[in-house]
Amino acid sequence: MKKTAKILFILLAFAIILTGCEADISFPGEVGQDIITADEALKMIEEEDVVVVDTQKSGDFEDQHLEGSVNIARNDITNFGPYPNMLADASKVESSLGENGISNQTKVIIYDNNNNMDAARLWWTMLVYGHDTAKMKVVSGGLTALKKNEANITSGKNEVEAVEYNASEKNSNLIATKKEVLTEVNNPSEDTVLLDVRTNEEVSEGIIPSAVHINYVNNNKDNGEYYPVNYIQRYYPDNGVNPDQTVIMYCKTSIRAAQTYLALHNAGYRDLKIYDGAWVEWSADSSAPVEQPSGKETEANIQDGS
């Protein structure tokens, strides 16, 4: 009996310690507001006036998409120069949204077929240009999850009536420049963390010095859906990325970075920035410091690909 009581006491003490650790972490924003399940999305489509946006490439959209959805592909919201997949200017975004029936008041449900990254990139782009986050939802798991929930899938093009969209001034607080990243490298601050979301293979060839590496796919479960809020709230602080810090994230061209941005924002993080020039811009500058796996800093190597 005494042995049982002792075990219970130890377990209780351990639980209190764990609870205390979690209580020390405060998340400044509302949680669970940005990402919805496929089931929730289909119910919203039935019950509310929404525009559903498929962010696949146009050819893939014509092959298969959710019935009634419109298509806004990556190229519709990015520019190729000076580096690939850079944020498009306001006029291009206004055209892409307005031509697909999206006004400033429109509720939008966004999905993709690409590990949640293209849906997240459109979400972030709209956030930068002032769309209300309460009017934007991303479907966790995208097209695959919608199919599993027996959504009506069709093919071909979808004609919609154009409306007017007026973008707000670009919110530069959500974007980090190369200069800002370099300042952090040269004078690291405890209040800021650089976050590299590329693959292990990419990082093995070089990383921005002091950056924390967390592959963006770690935000997803095996079925391609995002992990729930409570998982993200444990996983990132455990790996050195805390909600009281400014988090500057990047990948190769910062499409994947948007997927991580959304995961963190949905979990209550708010001081978030994407380094839009990303590794492509950084590695193109031979004077920009690069940390090799050994920890030795060398000149950057130009990377190929997108």
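Peer 1: Hey, could you run me through the overall build of the chain in this one?
Peer 2: A tally of helices and strands in the chain yields 11 helices and 16 strands. When burial is assessed residue by residue, the chain has 49% of its 306 residues classed as buried. Within the chain, residue pairs in contact and separated by at least 24 positions form 71% of the contacts whose partners lie at least 6 positions apart. Accessible surface, the chain: about 15100 Å² in total, of which carbon and sulfur atoms supply 47%.

Peer 1: How should I be thinking about the packing of aromatic side chains in this particular structure?
Peer 2: Considering all chains together, one arrives at 8 aromatic pairs under this definition. Seen from their ring centres, Trp-123 and Tyr-261 are 6.3 Å apart, and the 55 degrees between their planes marks the pair as tilted. Of this pair, Trp-123 sits in helix 5 (residues 117-128) while Tyr-261 sits in helix 10 (residues 256-266), placing them 138 residues apart in sequence. Summarising the aromatic geometry, the rings of Tyr-275 and Trp-282 are spaced 6.5 Å apart at their centres and angled 85 degrees between planes, so their arrangement reads as edge-to-face. Looking at Tyr-275, the relative accessible area reads 0%, which means it is buried. The class of Trp-282 is buried, set by a relative accessible area of 0%. By way of ring pairs, the aromatic residues Tyr-227, Tyr-231, Tyr-235 and Tyr-236 are connected into one cluster. Residue placement shows Arg-198 over the ring face of Trp-279; its charged tip is 4.3 Å from the ring centre.

Peer 1: Where do I start with empty space enclosed by the protein in this structure?
Peer 2: The rolling of a water-molecule-sized probe over the atoms marks out the regions of remaining empty space. Taken as a whole and judged by the stated rule, the model has 1 cavity of 30 Å³ or more. Here the largest cavity defines a volume of roughly 40 Å³. The wall of the largest cavity is formed by Thr-55, Ile-72, Ala-73, Arg-74, Ile-77, Asp-118, Arg-121 and Leu-122. Tallied by class, the residues present in the lining of the largest cavity amount to 4 nonpolar, 1 polar and 3 charged.

Peer 1: Explain the sheet that holds strand 1 (residues 35-36) here, please?
Peer 2: Consider a sheet: its strands pair through backbone hydrogen bonds, and that pairing is either parallel or antiparallel. Spatial ordering of the open sheet is given by 1-8-7-2-4, a layout of 5 strands whose pairing is parallel. Of all strands in the sheet, those bounded by a partner on one side alone are strand 1 and strand 4 (70-71). Two strands pair when backbone bridges link them, and strand 2 (residues 50-54) and strand 4 are joined in this way by 2 bridges, in the parallel orientation. Bridging across to strand 4, Val-53 finds its partner in Val-70.

Peer 1: Looking at this model, I keep getting lost on the side chain of Glu-202. Mind explaining?
Peer 2: Structurally, the position occupied by Glu-202 is in helix 8 (residues 200-204). Among the polar contacts made by the side chain of Glu-202, one reaches the main-chain amide nitrogen of Thr-199 at a distance of 2.9 Å. Not counting chain neighbours up to four residues away, the residues in contact with Glu-202 comprise Lys-252 and Arg-256.

Peer 1: Whenever I open this one, the environment of Ala-284 confuses me. Can you help?
Peer 2: Topologically, Ala-284 is positioned in helix 11 (residues 278-284). What makes Ala-284 partly exposed here is its relative accessible area of 40%. Expressed as a C-alpha distance, the spacing of Ala-284 and Tyr-83, which sit 201 residues apart in the sequence, is 9.8 Å.

Peer 1: What's the story with the side chain of Asn-116 in this structure? I'm lost.
Peer 2: Structurally, Asn-116 is set in the loop between strand 7 (107-111) and helix 5. Judged by relative accessible area, which is 1%, Asn-116 ranks as buried. With sequence-adjacent residues up to four places away left out, Asn-116 is seen in contact with Val-139, Ser-140, Gly-141, Gly-142, Asn-220, Gly-224, Glu-225, Tyr-226 and Gln-259.

Peer 1: What should I look at first to understand the pairing of strand 8 (residues 136-139) in this one?
Peer 2: Every second residue of strand 8 is oriented toward a common face, with Met-136 and Val-138 on one face and Lys-137 and Val-139 on the other, all of them buried. Here strand 7 pairs with strand 8 via 3 bridges, running parallel. The partner of Ile-109 across the bridge, within strand 8, is Lys-137. Following the backbone out of strand 7, through helix 5 and into the adjacent parallel strand 8, one traces a crossover that is right-handed.

Cut-offs applied
- Residues numbered from 1 in each chain as written.
- Predicted model: local features only at pLDDT ≥ 70, side-chain atom pairs only at ≥ 80, totals over all residues.
- Heavy atoms only, no water.
- Helix = DSSP H or I, 4+ residues; strand = E, 2+ residues; numbered from the N terminus.
- Buried < 20%, exposed > 50% of the residue type's maximum accessible area, 1.4 Å probe, protein only.
- Contact = heavy atoms within 4.5 Å.
- Areas by Shrake-Rupley, 256 points an atom, 1.4 Å probe, with all protein chains shown as cover.
- Phe/Tyr/Trp six-rings, centres within 6.5 Å; stacked < 30°, edge-to-face > 60°.
- Lys NZ or Arg CZ within 6 Å of the ring centre and 35° of its normal.
- 1 Å grid on protein atoms, 1.4 Å probe; cavity = no way out; pocket = protein on both sides within 12 Å on 5 of 7 lines; lining within 4 Å.
- Points joined across faces, edges and corners; volume = space filled by probe spheres on them.
- Nonpolar A, V, L, I, M, F, W, Y, C, P; charged D, E, K, R; others polar.
- Pairing = 2+ DSSP bridges.
- Polar contact = N/O pair within 3.5 Å; in protein donor to acceptor, adjacent residues only side chain to side chain.
- Right-handed = clockwise from strand over helix to strand, strands pointing away.

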